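Chains, contacts and geometry: an overview
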Amino acid sequence: MPNKPLRTSFALMVTALACAATALPAAAQTWPDKTVTLVVGFPPGGALDTIGRALAEEMSKSLGQKVIVDNKPGAGGNLAVTAVLNAPADGHTLLLAAINLATAPALSGVRYDPKVDLTMVSQITSVPVLMLTSGKGKLNTPADAIAASKATEGGLKMGSGGIGTSGHLAIELLTRSQKITALHVPYKGGAAANMAVISGEVDVIYDLGSGSLKSFLEAGTIRPLAVMQEARSGALPDVKSAKELGLPADTYIRSWQGIAVKGGTPKPIVDKLHKAVLAAADTPAFRARAWQLASDVVTSKTPADFQRFHDAELERWTTVIKAAGIKPQ
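Residues numbered from 1 in each chain as written. Predicted model: local features only at pLDDT ≥ 70, side-chain atom pairs only at ≥ 80, totals over all residues. Heavy atoms only, no water.

**Some remarks on the overall build of the protein**
Helix and strand counts for the protein come out as 11 helices and 10 strands. Based on the C-alpha atoms only, the size of the protein along its principal axes is roughly 90 × 40 × 35 Å. For the protein, the proportion of its 329 residues judged to be buried stands at 48%. Here the analysis covers contacts within the protein between residues at least 6 apart in sequence; of these, 78% occur between residues at least 24 apart. Counting 33 positive and 26 negative side-chain charges, the protein places the averaged centre of each group 4 Å from the other. (Helix = DSSP H or I, 4+ residues; strand = E, 2+ residues; numbered from the N terminus. Buried < 20%, exposed > 50% of the residue type's maximum accessible area, 1.4 Å probe, protein only. Contact = heavy atoms within 4.5 Å. Lys, Arg positive; Asp, Glu negative; His and termini not counted. Charge placed at Lys NZ, Arg CZ, Asp CG, Glu CD.)

See the structure below:
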């Protein structure tokens, strides 16, 4: 005859498993039951902060709970990641993810496993990276810039918004692909790089699409040579793509933004959050804000799709950064 304490222990274990099985759907049904915090790893007023606030505003309307933005700038966005990882994995603390998540591990090292400790929810934007020159300059196409760099001792001066930024990576992609030399001139942000190319301090810069850059393009003070991707950007439809202008795929680069949560967040909550993010990103107000920032609204069909995209970006940029020997400032 079975031992009574053994039967009791088995019954308790079955009860515990049954409770665990029903707890997650219940949590998903009540989420969110308090204020949701969107952590942004850059200062207020910038493009990343602006897109985060636009999304938070639209999510607040549909979720029935306030979504607030908490700026935690510093360490290339890693302070924001730390804040999310220190919070409960309950879907009430979100991270505004960006391409820095895919570059930081190789640039400066991180104390977390980017593939495990964070769970991707959805991409929200694709941000074009543009090759640019002065509106008064002689360059009109990427081919002109490549030929001029080959003809110039030491290569053209090519500026970016800083070491390890998308602009810097774009320069590395071009010079390695086309086997040319260029002098990289890093600035403290895209605004400073914009002014440098307008003044003729550098020959070419690579910069992300932004509201201020869009105004320079419309005024003709900065001339776009290409948007460094396969197809034109919907936000900048008059700028030809790198593919149209004959550049190969290994020169293409797009920045991106999205939403992530702490690893271990229950899947039902991630799925519910994914739907909320897509609904917010599809509103006319959010789309208009993204367009003003020269960004395209691009969302992920499933959280798994965004996870695969993030992991592929992580692999690509780790390879490029290590091969180029890029070190943080």
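**So, unusual backbone geometry**
A cis amide bond, omega -10 degrees, links W31 with the succeeding residue P32. As for its position among the elements, P32 is in the loop between α1 (4-30) and β1 (36-40). In this model, A75 sits at a positive phi of 55 degrees, which is unusual for a non-glycine residue. Within the secondary structure, A75 is located in the loop between β2 (67-71) and α3 (78-85). If you check the backbone angles, A294 has positive phi at about 60 degrees while not being a glycine. Residue position: A294 is located in the loop between α10 (284-292) and β10 (296-297). Look at A294 and you get buried, because its relative accessible area is 1%.

**Side note on the packing of aromatic side chains**
Tallying each qualifying case throughout the model produces 3 aromatic pairs. Taken together, a centroid distance of 5.8 Å and an interplanar angle of 90 degrees make the contact between W256 and F306 edge-to-face. With a gap of 50 residues between them, W256 in strand β9 (residues 254-262) and F306 in helix α11 (residues 303-324) connect regions that are remote in the sequence. Across the pair, F306 and W256 agree in class, each one buried. Centre to centre, the rings of W256 and F309 are 5.5 Å apart; their planes meet at 75 degrees, and the pair counts as edge-to-face. Here F309 lies in helix α11 and W256 lies in strand β9, a separation of 53 residues in the sequence. Residue W256 is classed as buried on the basis of its relative accessible area of 1%. Judged by its relative accessible area of 28%, F309 falls in the partly exposed class. (Phe/Tyr/Trp six-rings, centres within 6.5 Å; stacked < 30°, edge-to-face > 60°.)

**Let's talk about the pattern of salt bridges**
Applying the stated criterion to the full structure yields 9 salt bridges. Linking D70 and K72 is a salt bridge whose minimum nitrogen-to-oxygen distance equals 3.6 Å. Two residues, E244 and R232, come together in a salt bridge whose shortest N-O distance is 2.7 Å. Here R232 lies in the loop between β8 (222-227) and β9 and E244 lies in the loop between β8 and β9, a separation of 12 residues in the sequence. Relative accessible area serves as the criterion here: at 43%, E244 is assigned to the partly exposed category. (Salt bridge = Lys/Arg side-chain N within 4 Å of Asp/Glu carboxyl O.)

**Here we look at the side chain of S134**
Relative to the elements of secondary structure, S134 occurs in strand β4 (residues 118-134). Reaching out from S134, the side chain makes a polar contact with the backbone nitrogen of K136 at a distance of 3.1 Å. (Polar contact = N/O pair within 3.5 Å; in protein donor to acceptor, adjacent residues only side chain to side chain.)

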